[in-house]
Structure formats: C-alpha cells, structure tokens
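Results of the structural survey
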Amino acid sequence: MSDAMEMIERVEPRFVKFGAPGEIVEGVLVGIKRINIDGKPAIKYLLDDDGEQCTFLGTYQLNEKLRPADMGHKIVVRYEGLDTNVSRNGNPMRHFVVQISKNVINKAAAALNLGITDDDIPF
Amino acid sequence: MRAIANLEMQLRAAPPRPSRLGTRRTRVPKAHVTREAGASRREAAPSLDTEKLLATTVRQWSAAQRTEKEIRVEQWAIKKVIGGSIHKIWQDYEEKVRDARDAGLIFESEGFGREALKWFKQYEQLRGCQAQWIGYRAACCTASTRPVAVPVGCNHRLCPLCAAHRSTVARKRIKTLFDRLTHPVLITLTVPNKQSIRKADFGHFRKRVRQFIAQHKDWILGGVYSLETTYNRTEKSWHIHVHVLADVSAALPAKTEKTLLAGQKVYAFTAIKLKLEFDWVRLWGKDWGKKAKKDASAMRREGDTFTFEEWVRTGRTSRLKEFVCGKYRPIEGLSADEMRARTEWNMRNRRVIDVRPVTDRDGAAREVLKYLTKAAAFADLPEAIEPFMNAVKGARLIQTFGSWYGVSLDTAADFDPEHFEDWGEMKCACGKNSWERMGVFFRSDVEMRADGRWFLKRHIQPNCRGTVPRPTIRALEPEPEEMEEEPCPMQWR
C-alpha cells in the first residue's frame, strides 16, 4: 500500500433503534431495502448524513409516510412515542413525525429511484 | 415546520387510519393552484405521473414487490402457528384425560378422550396438507411440456394454504359475476361484541341478515353475503359482522343531494343509511316495533315513518360527538350521568353499519371473501381457536341470494377435474391441453416457478407412476393359493 495514498476506513452504517420519544434521525435517504426478519418481510432505510450512514427499520407509519420517490431527499424522522389507541397483535403503533426536503439533495441517490417521475421526462 | 440547514421541509401527514382491504382510501384533496394573471397555462398542466408513482408509499411499493415465494413462506408460517395452537389444544385434552383417569372419573375421561381425538384428527389433517401432490403430464406433447403438479389440500377451515386457494377461485368467480351488476354496493352490518360464540349465533345472525335482505328486496336485487368473525385480543370478545356485496336497483344518491329528515336538511345518502340502520336495529330488538309490511294500511305506514323520525330525533339528542371545525369531537360540558345515559341509549339503539358504492371491484370481492383468511389474526391463541372452530363447524359463512342465487363460490381446495383451470392456465406446448394423471408425489418432488405455478422436478421422468407408494387394496389382490403340505422328504442316514 502506498503511503501517499490517503485511505478511509469504510464502516458499516449505524443501526438506529428508536427507544425514547424525541429521538431524531436525519440525513439523505439513499437506500430502501426489503429484508427478512425471522421470516417476516421488513423495510430497511439507509440515510447518509455527510458521510455518516445510519439505518433503521420501517414501522407501519414510517412505511406509510415515506415513499420510494423520496430517494435523494433529506429526511428528518422524529420518534414521538407509542400510540396505544392503535395496536396490532398487542403491539401499540409507534408514532413518528417525518419531514422531507422539497428539493433533491443527492441526485445520484435520486437516480436509483424505483419509479419514473416528472423529473425523468425531458420536456 | 422547521427549516434544517436552509432546506425547505414539508411535513408528511400520517394516513387517516390503518387501511383495510377493499375499502376506499380517503382521497387527498387536490391543492388549489393559483395562477397569476398572464402566467402560462403549462403550470397548471396535469401531472405526467399517471401511475401515481410519486404518491406510492413504501408500504404499497413493498406489497407490490412480494413474490409468490414470499407469499408462500408467509402462509406456511401462519399454518405452523395454527398447527401449534391445535396441537396445544389436543395435548391439553390428553392431560385432562389422564387427570380424570387418575381421579377415577370414567365418564369425564371418555368425554375428554373424544375431544382429544377430535383435535388430534384436526392436527393430522392440517399437518398433512399439501404433503402429497398429484402429477399430470401432457398426453399430447409429453416430451416438450413439463409435468405439472396439483396439491392434495386438507380443506381445514383455518388452513391458510387451502383458504388462499379457495379465496382466489371464489374471487375470480365473483369478478365474472360483476358483469351482471348494474349498481354494485358494499353493505356492512354489525352487532355489538360478544364474550363468547356458539354455532347458534351464526344461525341467528344469518336469519337476521336474510330478513334484512327480504325487507329491502325492492332495492337489493341480488348478491352475496359473508359472515366474518374477528377477535378482540384486549377485551377477549368476538365481533360477528356481515359483508353484503349487493346489486341495487337504484344508484346511491350523489354527494350533494339533500333531503329533509325529521325537521333537518341532511344528505340523501345519510337518510338512506339511517333508514337501513333503523331497519337493522329493529330486527334485533322490540323497542321500535316491527317494520310495516308493503301491503299495510296507510296509517300503519305513516306510523312507521313517525317511529323512524322519532328514532332519528332521539339519536340527535343522544349523540356523544359533534362536528366542529371539520372534525367530529366529543361534546364538551356533559355531566357524567348525562354521558352514561347517552352511551346506554346508543349501545341499545344504534348499530354500526357501512354503505358504499363499489368502485374497486377486486377490492370488494376481497372484502367479501376476507372471512376465509381472517382466522390467521388469532392463529396463535388456542383459547380463541377452540371456540371459533366449535362455533363454525358446519356453519355456512357465505351465501348467494337473489339474482346470484345458486352460484357456488366456496368450493373445496382439492383437485377437481371439472375445474382444472382453477389451478392456473394449464397450457401445453401444442395447445391441445390434454392431460393425464401420472401418480402421487411427495412434497420434495415438486417445485414452484417464480409465477407461482407448480411442476414436478426435472429429474422425474414423464412415465413415472409417482413416488408415494400406492395403497394396496387387499380385497382386490388375488389370495395366495393354499399350498398342499408336501411331505418333508426324509432320508435315512
């Protein structure tokens, strides 16, 4: 390995598990992946915040609020706590506040978008 | 809303409520675009996103990405859970048998023994579902068409594999019947939750639904209804309700149409809905009398209208919520006694019903047939599985009526040569589609293609007669001839 070459260590994304109400995660949405947890399908989101990456799993409300078309946009997710009025299999719903930037921040990530949008049409 | 790093952010609103299959989502109102004088009309041009990809949520996208394999894995997982619950019920009864025997209670032990045997049979039935497959080869072009496999199902009421197949077949038939409908409407009728369910409850409920349909036969021409049961885990109560997919003689009124009801101007749709609710309430109690027959005297019919308006007026004065600032909110300033009195009146005299025109035909068909797969919601609760199975044993949960009467929807999941197409488009290479049975195969001898079709594995030759040993029928076998006992050759030494 050459001494002149500057190397950076590639670390795996930090996994965020929302525990206490008020926790905030922010960054540019660069990945949405379908995964399997104990045989059940789940969604994993990957955020990039100035080179620091973090991932978190999608809950019902997050999956409803976020869209594949949000790839490349900056998002802010704030965990608000449990909503005991709505539950499934005895598990209360987790409540989140999600904010999305109006403009695309990372065009490369936006290009990975899963569908064709108005931006893709050149006229 | 706050700005982060000079970015303009927008708050993403949560859905109004968790969505249900087959129900229409509340459409997000279109933002009003204000155009300045002289501005180009291009700004107001409709979006080119005709497929609504920009509005597709991750949840919807994820659901669309589900493969047949994933669906199969989910069904197997549910089947495993249901199997575990039934196994526990069986083991509990076995334990009771042992305890009764130890205590010398012969009569009780026999009773528990019968229950244990019943649940053991159900467990075996569920366990053996799709363990064997019947192979079919193309008789016309055997060499160029891969042999297909059709599962031998268990037809257990709770089996998710069989239920999914039954549901698919029935949905296909309902969708073809939609062509006969002029004004399809989906009506949901409910009653308050019950702490326990018995078979008689379903019979009683069906009787009331039949009466309701007969009372409105001028309006409801025909259709299909299905009884659905859900279990509330928190309150440990049962909720029996019915979904009626009906063809009605006249379309539901437009949203803007208004009419006068009990001294107040209300939407015509609301008036119809209240009338249906009142008729449903009267079928379950004696407080408001019976509905007047068609040939009743004018005075009797006027009295009927008066009773209905009286019920509407009392309902208005007994309401617990009011419409304020575009939303229903609890009425403030009510005393505890007043609140209790109003709650009691509503519990006794009001029922939740839902009436909506069908716009999504596939969704409506799914809603009606949801009862088939609904049991998965309490699959992990043996204390719920047992009463449910006892209550629905032999109960008819789906029924066609009127113009749809006689159409069979809930068919067995077994292979039926007359409905070969139920297992998908069976097409051979030459197009003649002549199939002949090969034999019975084990689960390990079949495989699923990406589109969900099942085939025999490639190593199995088309002339194979099956891998499952055929049962021997002794009566048909030639009896071995009795050999005359030959004298043992002896020899002197």
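An account of the accompanying structure is given in this report. The structure displayed is predicted, hence computed values, not measured ones.

Turning our eyes to something else, we now look at the nonpolar core. The biggest cluster of nonpolar side chains holds 72 residues, and the ones touching the most others in it are Ile174, Phe202, Leu245 and Trp280 of chain B. It is strand 6 (residues 237-248) of chain B that provides the largest number of residues to this core, a total of 7 residues. Counting the residues that make up this core, at least three belong to each of domain 2 (66-127) and domain 4 (160-317 + 351-413) of chain B. Leaving out residues up to four positions away in the same chain, Leu245 of chain B has contacts with Ile174, Phe178, Val185, Leu186, Gly222, Gly223, Val224, Val358, Ala364, Val368 and Trp404 of chain B. Counting 21 residues, the second largest nonpolar core, distinct from the first, contains Val16, Tyr79 and Ile100 of chain A together with Trp61 of chain B.

Moving on, we come to the packing of aromatic side chains. According to the stated counting rule, one finds 24 aromatic pairs over all chains in the structure shown. For the pair Tyr93 of chain B and Phe112 of chain B, a centre-to-centre distance of 6.2 Å together with 40 degrees between the ring planes defines the contact as tilted. Of this pair, Tyr93 of chain B sits in helix 2 (residues 68-102) while Phe112 of chain B sits in helix 3 (residues 106-127), and the two are 19 residues apart along the sequence. Measuring from centroid to centroid gives 5.1 Å for Phe378 of chain B and Phe388 of chain B, while their planes differ by 70 degrees, and the two rings are edge-to-face. Highlighted residues: Phe378 of chain B in the loop between helix 9 (361-368) and helix 10 (382-392) and Phe388 of chain B in helix 10, separated in sequence by 10 residues. Classification of Phe388 of chain B by relative accessible area gives buried; the value is 7%. By the ring-pair criterion, three or more aromatic residues cluster together here, those being Phe18, Tyr45, Phe56, Tyr79 and Phe96 of chain A. Sitting above the plane of the Tyr93 of chain B ring, Lys96 of chain B keeps its charged end 4.9 Å from the centroid. Over the aromatic face of Tyr267 of chain B sits the side chain of Lys258 of chain B, whose NZ or CZ is 4.8 Å from the ring centroid.

Let us look at the environment of Thr373 of chain B. All names here are of chain B. Examined against the element boundaries, Thr373 turns out to sit in the loop between helix 9 and helix 10. In the structure, Thr373 is positioned 213 residues away from Pro160 in sequence and 6.4 Å away in space, judged by C-alpha atoms. Leaving out residues up to four positions away in the same chain, Thr373 has contacts with Ala163 and Ala164.

Our next topic: the sheet that holds strand 4 (residues 184-190) of chain B. All names here are of chain B. The strand order 11-4-6-5-12 describes an open sheet built from 5 strands, whose pairing is antiparallel. At either end of the open sheet lies a strand with only one pairing partner, and these are strand 11 (353-357) and strand 12 (398-402). Across the sheet, the mean angle from the axis of one strand to that of its neighbour is 15 degrees, orientation sign disregarded. Contacts between helix 9 and the sheet are confined to strand 4, strand 5 (220-232) and strand 6, with strand 6 contributing the most and set at about 140 degrees to the helix.

Our focus in this paragraph is the pattern of salt bridges. All names here are of chain B. Taken as a whole and assessed by the stated rule, the structure comprises 31 salt bridges over all chains. The partner of Arg137 in a salt bridge is Glu436, and the shortest N-O contact between them spans 2.7 Å. Taken together, the residues span a long stretch of sequence, with Arg137 in strand 2 (residues 132-138) and Glu436 in strand 13 (residues 435-442) at a distance of 299 residues. In this structure Arg137 comes out as buried when scored by relative accessible area, which is 14%. The closest approach of N and O atoms between Glu338 and Arg342, which form a salt bridge, is 2.7 Å. Linking Glu338 with Arg342, this pair stays in helix 8 (residues 336-349), spanning 4 residues, or about one helical turn. The network of salt bridges with shared partners includes Lys275, Asp279, Arg282, Lys291, Arg300 and Asp304.

Rules and cut-offs
Residues numbered from 1 in each chain as written. Chains lettered and ligands numbered in written order. Predicted model: local features only at pLDDT ≥ 70, side-chain atom pairs only at ≥ 80, totals over all residues. Heavy atoms only, no water. Core = buried A, V, L, I, M, F, W, Y, C linked by side-chain atoms within 4.5 Å. Buried < 20%, exposed > 50% of the residue type's maximum accessible area, 1.4 Å probe, protein only. Helix = DSSP H or I, 4+ residues; strand = E, 2+ residues; numbered from the N terminus. Domains from an automatic or database assignment. Contact = heavy atoms within 4.5 Å. Phe/Tyr/Trp six-rings, centres within 6.5 Å; stacked < 30°, edge-to-face > 60°. Lys NZ or Arg CZ within 6 Å of the ring centre and 35° of its normal. Pairing = 2+ DSSP bridges. Axes fitted to C-alpha atoms, helices over the stretch in contact; angles between N-to-C directions. Salt bridge = Lys/Arg side-chain N within 4 Å of Asp/Glu carboxyl O.

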